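Letter by letter, the chains look like this.
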Amino acid sequence: MPEDTSTGGYTADGLRRLHLLLPGLAHPIMRKCLIPLALSVTLGTSPGLAQGDEENVPQEPATLGQAIRDADVSVGLRYRVEQSDDDAFDSAALASTLRTTLKLQTKAFRGFSFLLEAEEVTPVGNDRTYRNLGYGGLDNGVRDRPVIADPALTAINQAAARLERGPAAFTLGRTEILIGDQRFVGAVGWRQHHQAFDAAALDAKLNADWTLRYAFLDRAHRITGAEEPMGSHVLYVSGPAGPGNLALFGYLLDYERPGAEANSTSNWGASYNGSHGAGAASVLWELQYAVQSDWADHPGSVDLDYQKTGIGFTRGDISMRAVREALDGDGTYGFRTPLATLHGFNGWTDKFLGTPANGLVDVYLRLDHNLDTWNWTIRWHQFRSAVGSLDYGTEIDAMAVWNTPWKQDFGIKLAQYSADDFGTDTFKVWVWTSWNVSLRSAGGR
């Protein structure tokens, strides 16, 4: 059955399914940690805005017209050349594309503000030298070359209203949502067309340090131009704990499109990241754990887990990390994170955008050098299966970026995957430049 591409916004069925969150409240993490914190916002007991702080709040425009005239307007450009050489194909793929955005953010008037972002992705030159993975009429029809998922399109990427009241803010509309490290929910910012959601979201300060984010996702606007109807819930609570930062999260994903039900999962977990000074250097660590089970109309039975453990150090502008990330598999299903910014995980050749049925264990070393104008990183990955003792392959990634004084970036990025028991040898290279400029306000001031 074709994917639903209607533009009707929030569906009545989707809004009715807010009750799907309630069974999750019985989960031990929710019951012991999240509910008391959420009640503090509901009952108005949050000390996030202390008495007297009102004097430090920026003065709002006197009229709605002034709030619109004083809106922040910006233009963004990103031109990129990407080449993919995959041994599974006789010919390499080459894409030359330009992403252009026009963004308007009004000032807040009586707590209300509005965000509007238009986006256009345009091939520069021949668009028949790669498979663009576009949905429906956006598909360029190429099948004999590797995928570079940047279809030509024009879209309203964000259009959302926001209401701020004290320590809480409510957002309604189409918006990008970035949660934590984007391992479960993100905007897929590396691709030219970003992922956005039709959503209702709440951001609240529970106290001076802890914050809560909740979002009901009615529809996902994918990087291919497709739209995915759903009735999903995102819950994320974070704050300092000892020398690090603790986050507790829950993601209840309910995919409504026939054929996509295997992405409907319940995910609960926690992460703990931080650093500790040790002389001239600092020790870094990252820990994350989650459990995934079948949810809503999932066709099977799922009981999988996710683990991430990392240790490293930083000294001056150099840092090094050793990380082990494991996504479980049972031979039928692999641990899934379909709404994540997947390109940032498990190698830049994107061989593991979907977790294999036997799972994935990614052990990697990462070296970063961050200066004022230059940044570079090198990563080496060893991929194995979580069950079955398969040696998938190895990958080496490298990137360098120059941040110019005039706020323009130039970058080059390379990735080489060497296959063993999974996929085929693949080499990718990217060269790009990006530039964002803030224009004068819409009122011409």
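Anything mentioned here points back to the structure above.
In this report, we go over the structure that sits alongside the text.

Scoring rules and cut-offs
- Residues numbered from 1 in each chain as written.
- Predicted model: local features only at pLDDT ≥ 70, side-chain atom pairs only at ≥ 80, totals over all residues.
- Heavy atoms only, no water.
- Phe/Tyr/Trp six-rings, centres within 6.5 Å; stacked < 30°, edge-to-face > 60°.
- Helix = DSSP H or I, 4+ residues; strand = E, 2+ residues; numbered from the N terminus.
- Buried < 20%, exposed > 50% of the residue type's maximum accessible area, 1.4 Å probe, protein only.
- Pairing = 2+ DSSP bridges.
- Contact = heavy atoms within 4.5 Å.
- Polar contact = N/O pair within 3.5 Å; in protein donor to acceptor, adjacent residues only side chain to side chain.
- Salt bridge = Lys/Arg side-chain N within 4 Å of Asp/Glu carboxyl O.

### What about the packing of aromatic side chains?
Enumeration according to the criterion identifies 18 aromatic pairs in this entry. When the centroid spacing of 5.4 Å and the interplanar angle of 45 degrees are considered together, the rings of F184 and F249 count as tilted. One end of the pair, F184, is in the loop between β5 (168-175) and β6 (196-205); the other, F249, is in strand β9 (residues 244-252), and 65 residues separate them in sequence. Across the pair, exposure class does not vary: F184 and F249 are buried alike. Aromatic side chains F383 and Y417 sit 6.2 Å apart centroid to centroid with 45 degrees between the ring planes, which places their arrangement in the tilted category. Pair noted here: F383 is in strand β15 (residues 374-384) and Y417 is in strand β17 (residues 408-419), with a separation of 34 residues, a long-range link. Through pairs of rings, three or more aromatic residues link up here, namely F184, F249, Y251, Y306 and F335.

### Here we look at the pairing of strand β3 (residues 112-123)
Two elements, strand β2 (residues 93-105) and β3, share 9 bridges in a ladder whose sense is antiparallel. Bridge assignment links T101 to a residue of β3, and that residue is E119. Between β2 and β3, which pair antiparallel and follow one another directly, the connecting turn spans 6 residues, one of which, R110, has a positive phi of 55 degrees.

### Quick word on the pairing of β2
Inspection of the sheet shows strand β1 (residues 72-86) paired to β2 by 13 bridges, in the antiparallel sense. Looking at the pairing, E82 lines up with A95 of β2. The loop that links β1 with its antiparallel partner β2 comprises 6 residues.

### Looking at the environment of R191
In this structure, R191 sits in the loop between β5 and β6. Sequence spacing of R191 and T224 is 33 residues, and the spatial spacing of their C-alpha atoms is 9.6 Å. Filtering out sequence-adjacent residues up to four positions away, R191 remains in contact with R78, R80, E82, I148, A149, D150 and I223. A distance of 2.6 Å separates a polar atom in the side chain of R191 from a polar atom in the side chain of D150.

### A word on the pattern of salt bridges
With the rule as written, the count across this model stands at 16 salt bridges. Where E119 meets R99, a salt bridge forms, and the shortest distance between an N and an O atom there is 2.6 Å. Pair noted here: E119 is in strand β3 and R99 is in strand β2, with a separation of 20 residues, a long-range link. What makes E119 buried here is its relative accessible area of 2%. Its relative accessible area of 10% is what places R99 among the buried residues.

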